[in-house]
Amino acid sequence: LTYMRRARSEFNGNAGNAGSPFWAEFSGRQKIYAAENLNTRWLSGAVDEITTEHVNIAKCRLQLFDLVIADTLYTQATKQILCPLNNWISGKHCSNDEKEVEHKSKSDKLEGTTPHFIGAWIERLRPSFEIYDYARLLSLKQLKQHGVKDLPEVSEVPSYLQTLARYTNMTVTDAHLQ
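In this report, the structure presented in the accompanying data block is examined.

Reading guide: rules and limits
Residues numbered from 1 in each chain as written. Predicted model: local features only at pLDDT ≥ 70, side-chain atom pairs only at ≥ 80, totals over all residues. Heavy atoms only, no water. Helix = DSSP H or I, 4+ residues; strand = E, 2+ residues; numbered from the N terminus. Buried < 20%, exposed > 50% of the residue type's maximum accessible area, 1.4 Å probe, protein only. Contact = heavy atoms within 4.5 Å. Areas by Shrake-Rupley, 256 points an atom, 1.4 Å probe, with all protein chains shown as cover. Core = buried A, V, L, I, M, F, W, Y, C linked by side-chain atoms within 4.5 Å. Polar contact = N/O pair within 3.5 Å; in protein donor to acceptor, adjacent residues only side chain to side chain.

If you tally the helices and strands in the protein chain, you get 8 helices and 0 strands. Mapped in sequence order, the helices and strands of the protein chain form the string α-α-α-α-α-α-α-α. The buried share of the protein chain, reckoned over its 178 residues, is 29%. Taking the intrachain contacts of the protein chain between residues at least 6 apart in sequence as the baseline, contacts between residues at least 24 apart amount to 50%. Of the roughly 12900 Å² that the protein chain leaves accessible, carbon and sulfur atoms contribute 53%.

Okay, structure coming up:
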């Protein structure tokens, strides 16, 4: 308990120490970078406000990777590319004996949240959604180039629209995709 109190006071800056510089960056005291849109910031090197140019730089840097693995294509990428490429023949991700297990996750914290709040949050994180969508489509393209079979369909609808539709009961129409 004493350790926890000391750690908390150091983090709050009460111990004559500014606390961990890592956490100070996220709290904004040192103004090194904002905590949102980290994937865009890391890939583009942005420090201040994210611009369209930062998003485009991040997309260009994603193209430099030999293989981008999107979350929805992870199983196909590991079993059909990474395992054979590295001569991995057993284990949790390379075995063909793997049973489909239903993922049981925690309750969705955004359920019941005000639609205006969800909309503002999505708009604030829009660069991250755009990078995620680009990575997802780039991953699909790369997997096809490597000859991966049985790929699931990847939606062309931007993920920010899918998220808005899920939490605000908005219906995505063709007008949204123009």
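We now examine the nonpolar core. Leu43, Ala46, Ile50, Val55, Ala58, Leu62, Val68, Ile131, Ala135 and Leu138 together form the largest nonpolar core, which totals 10 residues. Mapped onto this core, the elements with two or more residues apiece are helix 4 (52-63) and helix 7 (126-145). The contacts of Leu62, once residues within four sequence positions are left out, are Leu43, Val68, Ile131, Tyr134, Ala135 and Leu138.

Another point: the side chain of Arg41. Structurally, Arg41 is set in helix 3 (residues 38-44). Among the polar contacts made by the side chain of Arg41, one reaches the main-chain carbonyl oxygen of Asp48 at a distance of 2.6 Å.

Further remarks concern unusual backbone geometry. Of note, Asn37 is a non-glycine position whose phi angle comes to about 60°, a positive value. Topologically, Asn37 is positioned in the loop between helix 2 (21-27) and helix 3. Given a relative accessible area of 5%, Asn37 falls into the buried group. Phi is positive for Asn87, close to 55°, though the residue is something other than glycine. The exposed category is assigned to Asn87, whose relative accessible area is 66%.

A few words on the environment of Gly45. When you line up the elements, Gly45 lands in the loop between helix 3 and helix 4. Taking C-alpha positions, Gly45 is 8.4 Å from Ala58, a pair spaced 13 residues apart along the chain. Beyond its immediate chain neighbours, meaning those up to four positions away, Gly45 contacts Thr40 and Arg61.

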